[in-house]
Amino acid sequence: MDALVVMQAVLVVAVLAGLWVVADWPAHRRRLVRLGEVLHLHGPVPPRPAGPPIEQIAADLRRVRAQIDHAPPGTPVARRRGWTEAYDDLLVTACHELGIEQSIRQAHEGSARDLERERVERSLLRAGLAFRARS
């Protein structure tokens, strides 16, 4: 008889403990993850990228570069400048995501910015970002 009472008490305590854990699962999960990190059971959770996927950035670079390179004669200067600004923004984003130094925004408009843009393009290509259109 005593064994039956003990089993029932253990069962009631287990059910209550399970309900307590389920009620506040996110907090308990964070504690378990931290415990796993402290005990070196698994590595830390890798950080999630803040920006768009690098593949999307490369595709956007290809698309905007093609618009710049294949602009029909008579395309308004404002549109060309807009495409160039968009291209520069994408280069800056790609550099940020890959940890590459750049100073496109600090370079003066004209040949200085063109040279910096070329340097950044080469750095991104060396880093393995395939954003140039395939010939």
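One can find the structure itself at the top, above this paragraph.
Read on for an overview of the structure. In this text the structure is predicted, and so the values were computed from the model without any measurement.

## Some details on the nonpolar core
A general trend in soluble globular proteins is that nonpolar side chains are found buried together. Among the nonpolar cores identified, the biggest contains 17 residues, and Leu61, Leu91, Leu124, Leu129 and Phe131 are the most heavily contacted of them. Listing elements by their share of this core, those giving two or more residues are α3 (54-69), α4 (77-98) and α5 (111-126). Considering each element in turn, this core owes the most residues, six residues, to α4. Contacts of leucine 124, omitting those with residues within four sequence positions, involve Leu91, Ala94, Cys95, Leu98, Ile100, Leu129 and Phe131.

## So, the pattern of salt bridges
In total, this model carries 11 salt bridges according to the counting rule given. Ionic pairing is found between glutamate 85 and arginine 105, a salt bridge with its closest N-O pair at 3.3 Å. Placement of the pair is glutamate 85 in helix α4 and arginine 105 in the loop between α4 and α5, with a sequence separation of 20 residues. Exposure remark for glutamate 85: the relative accessible area of 32% places this residue in the partly exposed category. By relative accessible area, arginine 105 is classed as partly exposed at 33%.

## Quick look at the side chain of threonine 75
With respect to the helices, strands and loops of the structure, threonine 75 is situated in the loop between α3 and α4. One polar contact links the side chain of threonine 75 to the main-chain carbonyl oxygen of proline 72, over a distance of 2.5 Å. When neighbours within four sequence positions are excluded, threonine 75 is seen to be in contact with Arg80 and Trp83.

## Describing the environment of isoleucine 100
Within the fold, isoleucine 100 resides in the loop between α4 and α5. Given the relative accessible area of 18%, isoleucine 100 is considered buried. Sequence-wise, isoleucine 100 and alanine 127 are 27 residues apart; in three dimensions their C-alpha atoms are separated by 8.7 Å. For isoleucine 100, the contacting residues outside a window of four places in its chain are Cys95, Ser123, Leu124 and Ala127.

## A word on the packing of α3 against α4
Angle between the axes and distance between the axes are the two parameters that describe a pair of packed helices. Where α3 meets α4, the axes come as close as 9 Å, and the angle between the chain directions of the two elements is 155 degrees. By the angle class used here, α3 and α4 are roughly antiparallel. When the axes of α3 and α4 are compared, the crossing they make is left-handed. Here α3 contributes Ile54, Ile57, Asp60, Leu61, Val64, Arg65, Gln67 and Ile68 to the contact with α4, which in turn contributes Arg80, Trp83, Thr84, Ala86, Tyr87, Leu90, Leu91, Thr93, Ala94, Glu97 and Leu98. Classifying every residue of the contact of α3 with α4 gives 12 nonpolar, three polar and four charged.

Cut-off values and rules
Residues numbered from 1 in each chain as written. Predicted model: local features only at pLDDT ≥ 70, side-chain atom pairs only at ≥ 80, totals over all residues. Heavy atoms only, no water. Core = buried A, V, L, I, M, F, W, Y, C linked by side-chain atoms within 4.5 Å. Buried < 20%, exposed > 50% of the residue type's maximum accessible area, 1.4 Å probe, protein only. Helix = DSSP H or I, 4+ residues; strand = E, 2+ residues; numbered from the N terminus. Contact = heavy atoms within 4.5 Å. Salt bridge = Lys/Arg side-chain N within 4 Å of Asp/Glu carboxyl O. Polar contact = N/O pair within 3.5 Å; in protein donor to acceptor, adjacent residues only side chain to side chain. Axes fitted to C-alpha atoms, helices over the stretch in contact; angles between N-to-C directions. Parallel < 35°, antiparallel > 145°, perpendicular 65-115°, else oblique. Left-handed = near helix turned anticlockwise from the far one by under 90°. Nonpolar A, V, L, I, M, F, W, Y, C, P; charged D, E, K, R; others polar.

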